[in-house]
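# Tertiary structure, described
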Amino acid sequence: MPRSFKLFKLLIFILYAPFSFSQVKGRVVDSVAILPIKGASITLVLADDSSHLVTGSADSLGYFELAVIRPARYILRVSSVGYNAKQFSVALADKHDLGAIRLSPRPQVLENITVTAGQRPVSLSQGNTIIQVAGNTQLKTALNLLDVLKNTPGIQVAADGSLQMGNRVRPVFFLNGKPLLLDGEALNNYLKTLTPDKVASMEVITNPGAQYDAEYKGVIDIRLKKNHTEGWSGNYSSLLQQNRYTNSNHTLNLFYTRDKFSATAVASYMAGSDIYRYRTYQHLASTDILQTKLDQKNLQRNPGIQLGISYQPNTMHQMGLQLRDYIINSQRERSGSLYAVKKAGDEIAFFTKSNNPTHYVQKNRSARLDYTFQKEKTRISFLGSVLEVTNTQQDAFINTDQLTQKESEHWNTDLLNKIRVYTAQADLSRKLKNWYLDAGVKFSRSVTNNDIRYDTLQIDPPVFVPDASRSNLFIYNEDINAAYISANGKIGSIQVTAGLRGEQTLSRAHSVTTASSIHKSYIQWLPSATVHYQIDQRQELSFSYARRITRPPFSQLNPFRFYLSALNYWIGNPYLDPSTTSQFKINYRFRSYLLELNAGKESDVISRYPMYDTVTNEMAFLGTNLPYRKFANISVVLPFTVNKLWQINLQLMGYYNKEQQPYLDKIYNPVVYNYVLKLNQVFTFNNHFSATVFTNYESRSGNSLYIFKPMYHIDIALQKGWFSNKLHTRVAFSDILNTYYQQLQFRYKEIINNQFSHWWGMQKLQATISYSFGKASQHKKTAVSEEENRATR
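The following refers to the structure shown. What you see is a predicted model; the values in this text were computed from it and never measured. (Residues numbered from 1 in each chain as written. Predicted model: local features only at pLDDT ≥ 70, side-chain atom pairs only at ≥ 80, totals over all residues. Heavy atoms only, no water.)

### Examining the side chain of Asp 467
Here is the rule we go by: In this text, helices come from DSSP runs of H or I with a minimum length of four residues, and strands from runs of E with a minimum of two, each type numbered from the N-terminal end. The definition of a polar contact used here is a pair of N or O atoms within 3.5 Å, where within protein one atom must be able to donate a hydrogen and the other to accept one, and adjacent residues in sequence count solely through side-chain atom pairs. Every residue pair with non-hydrogen atoms within 4.5 Å of one another is taken to be in contact.
Structurally, Asp 467 is set in the loop between strand S25 (463-466) and strand S26 (472-491). In this structure the side chain of Asp 467 is engaged in a polar contact, spanning 3.4 Å, whose partner is the side chain of Thr 456. Asp 467 has contacts with Tyr 454, Asp 455 and Thr 456, leaving out every residue within four places of it along the chain.

### Comments concerning the pattern of salt bridges
We count it as follows: Should a side-chain nitrogen of Lys or Arg be within 4 Å of a carboxyl oxygen of Asp or Glu, the pair is scored as a salt bridge. Burial classes: relative accessible area under 20% of the type maximum marks a residue as buried, over 50% as exposed, and values in between as partly exposed (1.4 Å probe, protein chains only).
For the structure on display, the rule yields 22 salt bridges. A salt bridge links Arg 470 to Asp 467; the nearest nitrogen and oxygen atoms lie 2.9 Å apart. Residue classification places Arg 470 among the buried positions, given a relative accessible area of 12%. A residue is classified by how much of its surface remains accessible, and Asp 467, at 14% relative accessible area, is buried. Three or more residues are tied together by salt bridges with common partners; here these are Asp 213, Glu 215, Lys 442, Arg 501, Glu 503 and Arg 551.

### Quick notes on the pairing of strand S23 (residues 406-432)
Applicable threshold: By this definition, two strands are paired if DSSP reports at least two bridges between them.
Of the strand pairs in this sheet, strand S22 (residues 378-401) and S23 are connected by 24 bridges, and their pairing is antiparallel. Counterpart to Leu 383 in the pairing with S23 is Gln 425. In this antiparallel pair of consecutive strands, S22 and S23, the connection spans 4 residues, and Gln 405 shows a positive phi of 60 degrees. Judged from the 22 bridges that link them, S23 and strand S24 (residues 435-458) form a sheet pairing that is antiparallel. Each bridged residue has a counterpart across the sheet, and for Asp 427 the counterpart in S24 is Gly 440. What sits between the antiparallel neighbours S23 and S24 is a turn of 2 residues, in which Lys 433 has the positive phi angle 55 degrees.

### A word on the sheet that holds strand S12 (residues 172-175)
Strand order in the open sheet formed by 6 strands is S8-S9-S14-S15-S12-S13, and the pairing between neighbours is mixed. Single-partner strands in this sheet number two, and they are strand S8 (122-125) and strand S13 (178-179). Relative to S13, S12 runs antiparallel, the two being bridged by 2 bridges. Along S13, the bridge assignment pairs Leu 175 with Lys 178.

### Points about the environment of Tyr 569
In this fold, Tyr 569 is placed in strand S31 (residues 568-571). Between the alpha carbons of Tyr 569 and Met 619 there is a distance of 6.6 Å; along the sequence they are 50 residues apart. Non-local contacts of Tyr 569, meaning those with residues more than four positions away in its chain, are made with Arg 561, Phe 562, Tyr 563, Leu 564, Glu 618, Met 619, Ala 620 and Phe 621. Here the side chain of Tyr 569 touches Arg 561 through a polar contact of 3.5 Å, side chain to side chain.

### Quick look at the packing of aromatic side chains
What counts is decided by this rule: In this scheme Phe, Tyr and Trp rings, the latter by its six-membered ring, pair at centre separations within 6.5 Å, and the angle between planes marks the pair as stacked below 30 degrees, edge-to-face above 60, and tilted otherwise. A ring is scored as having a charge over it whenever the NZ atom of a lysine or the CZ atom of an arginine sits within 6 Å of its centre and within 35 degrees of its normal.
Taken as a whole and assessed by the stated rule, the structure comprises 23 aromatic pairs. For the pair Tyr 706 and Phe 746, a centre-to-centre distance of 5.1 Å together with 85 degrees between the ring planes defines the contact as edge-to-face. Linking Tyr 706 in strand S41 (residues 706-708) with Phe 746 in strand S44 (residues 741-746), this pair joins segments that are 40 residues apart in sequence. Over the aromatic face of Tyr 190 sits the side chain of Arg 324, whose NZ or CZ is 5.6 Å from the ring centroid. Taking the ring centre of Tyr 436 as reference, the NZ or CZ of Lys 431 above it sits at 6.0 Å.

### Describing the nonpolar core
As a rule of thumb, soluble globular proteins bury nonpolar side chains together. Keep this limit in mind: For this analysis, a nonpolar core means a set of buried residues of the types Ala, Val, Leu, Ile, Met, Phe, Trp, Tyr and Cys, connected via side-chain atoms within 4.5 Å.
Counting residues in hydrophobic clusters, the biggest one holds 34 residues, and the most contacted among them are Leu 145, Leu 149, Ile 155, Phe 173, Leu 191, Met 202 and Ile 222. Of all the secondary-structure elements, those providing two or more residues to this core are S8, helix H3 (145-150), S12, helix H4 (184-192), strand S14 (199-205), strand S15 (219-224) and strand S20 (317-341). Sequence-distant contacts of Ile 222, that is, excluding residues within four places in its chain, are made with Leu 145, Phe 173, Phe 174, Leu 175, Asn 176, Leu 191, Leu 194, Val 199 and Ser 201. If you look at the next biggest cluster of nonpolar residues, it comprises 28 residues, including Trp 570, Tyr 668, Leu 744 and Trp 760.

### With respect to the environment of Thr 392
Secondary-structure assignment places Thr 392 in strand S22. Put simply, Thr 392 and Val 361 are 31 residues apart on the chain and 5.3 Å apart in space, counted from C-alpha to C-alpha. Once residues within four sequence positions are removed from consideration, Thr 392 is found in contact with His 359, Tyr 360, Val 361, Leu 415 and Leu 416.

Structure (C-alpha cells):
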C-alpha cells in the first residue's frame, strides 16, 4: 500500500474518529480461579490494515472498554504478566460485548517471577510507586526487606532501623492489603525475616486516600509471592551478622494448599547482641565542660510464630484467620561516665561513673479474622482484629563518684505497660457503569495502662524508698469512629479518584498518681483526590491531594521520665493536640525514570524541645505542639545501563523544611535545605551471580533548634543462586568505612552550648542463606487481583 495512501487514511481517522467510534467491551479473568486480572493489556487491530491500532487495559475488576472506528473484522490480543497471551479474530458490531476472556497461567513464570518489559522494576499506579522485588536485578543482593527499603525511592532507613518518607513521615506497613499490626523493634525484626525472593512487590503510598485511616500519612503495602501449587512447600532463611558481637535471625515458612483450603506457618527466632554508643559535649551554666560517654550492649532472644488459614468454598466467598505471637526478650548492659572539667581544663569539677542494667520483655500478640463476599460487580468485606502488647522493664541506675569512690545515686525502676487495640470494619465496593464506588465504616478502641515505679536508695539507713515525685500510674483510652466514601473512574485517558473520610476521636487520659484527668473529643473531615493521566506507553502523570491527621503517640502523652543517661531524660505531655497535614503530590514517569514532587503544611506539629536546668545540670526533652511546619521535597530516580554487566540506579532527593518554634520567649523559624544521594551499582555476571556497591550520602540538615551534620556509608554485597535458584546465598559488608553515625549540635550556643552523637555499630559482615523446598507440584490458581484488598485498606 503506498505510503501517501496510509497517511491519507490516518488523516481521515483523526478527523472523523471523534464522531464515528463504536464500543467493544469484555472482561479478562483467570481461567482456573475465575477471578479478574487487573491491568491486562488489550490490543485491537484491523484484520486488513494493521496501521489502525487501538490499545487499552483492564481495570481492577478485569473489565475493559475500547472505541473502534467502525464495525469490521479485527485481530484481538489479550496479555498479562504471568499468563499465556490469547489472540483471535473477531467481527465487531456497533456495540459488542465479548464476555469473559479467560487467560491460562504460566506455571514456569509463577514459580520463579522475573521482571520483564511488561513488568517494570519501578512503575506508577494511580500516583503510587510500585517496586517489583522478586526477580529485580537491582535488589538481588539485598539481605532482607529492610535492606530493600534502603534502595527504595523516597524512603530513608536510619542507622537504628527507623524509616522515614519524604516529609518526615513514619510509614505504616500493610501485608497483602491488610495492616501488619507491628511497630518499632518488632516490625524491624519482621522485615528482616523477609528475603527478596519471598516478596513479589511493594506499593509506596505517600498520599493515602479516604479508605485508609486518617493517621496513616504514609503506607508501604508488601505483596508476598502467592503460592500457586497444590500440596506443601516451604523455605528456610538464616541471617548472620558480625561486628564486635554476633547476631542471627532464622525463619521457617511452610505452605499447604489443597482444593479450596490453604494454610501458612511462619516461625522465627532472633538471637544475639547489638551495640550502641552515645556521646555528648556540653558547656554548663557554671562554665564547666561536661563530657558524657555511654556504651550499650543489648542481648536479645526473640522467638515468634504466625499461623494463617484461608478457605474459599467458591468464587463468591472467602474467609481467613491469622494469629501472631512475637516476644522480645532483651538484657541490656549500659555503662558510661559523666566527666566535667573547669573551663581552663586543668581541674576536674566532677567525675561520675554510671551503670544501668536493664531487663526488657515485650509480648506482642494479635488475631485477625476477615471475610469477603463477591458477586459480579459487588464486593463486601469484613475485618476484625485484636492486638495486645505487654511491656515490662526493670532498670537499675547506679552512679558512683570517682573522686570519692562513693555511690552518689542509686535508684530502681519497675515498668508495666499494657496496650490493647480492638478494631472492626466493613467495606463495600460496587462497579457502576464506568465507575467504582467504595464506602466503609471502622470502629477502634485503644486501652493503655502504664504503671512506673521509682525506688531510690536512701543513704542513712541504706534502704530503698518509693520516689513519689517520679512514679506514676497513667491510663489512656481512645475511641475512633470513622466512615468514608470514595469514587474511582475513567474520563477518557484520565483516571480520577476522589474521596472523603470523617473520623471522630474520643480520648480520656487519667493520671491516678496526680488525680488529674483530660478528656478530648473532636471530629476531622479529610478529603483526598487523585488524577492520573496515561500520556502513552512511555509516559504517565499524576496529581494528588490529601489531608491527614497525626494523633500523639502514647509515649509522648505519658507524663513519666525515660532516662537516656543520669542527666538526660524525656517526658511526655498529656495535653498534646493532634496535628493536621495537607499535602500535594505530583508524579511523572518517562520510561523507567521517575520524578516526584511533594509540598504541604502541617499544623500543630508534635515535637520535643530541650530544657536545661542550670542548678542540677539536667537536660529534659519535653513534648509540645509547634504552630506549623512547611515542607517540600523532590525525588528523582535515574536508572541506566552502562553495558550488559553493569547497571546503575541513581536517586536524588532534595528537602525543604521550615517550622515555627516558640522557645524561651522567642520564635525560631530557620529555613533548612538538605539532600540525599543514593547510588546503587549492580554487576550481573550471569543469571545466578551478581554484586552491588551501594552508597548513601546525607547532606547537612536539621530543624529549627538542631543542626544535623552530614553522614554517609558504603555497602558492598554479593549474591549467588544455586540449584535452579532454589538456594540463594548473600554476603554483605555494611558501612565499610565505619562512617555512619549521627551528630547533632544546638543552633543557638548562647542558650545551650551542646552537641551529641549516636553510633549504632553499622559496620558489620552479614550473610544470609535461603532455601526453598517442598512436594507441591500441580498448579492450582493464580494470584487474586488487587481488587481483593480494595475494601480492606
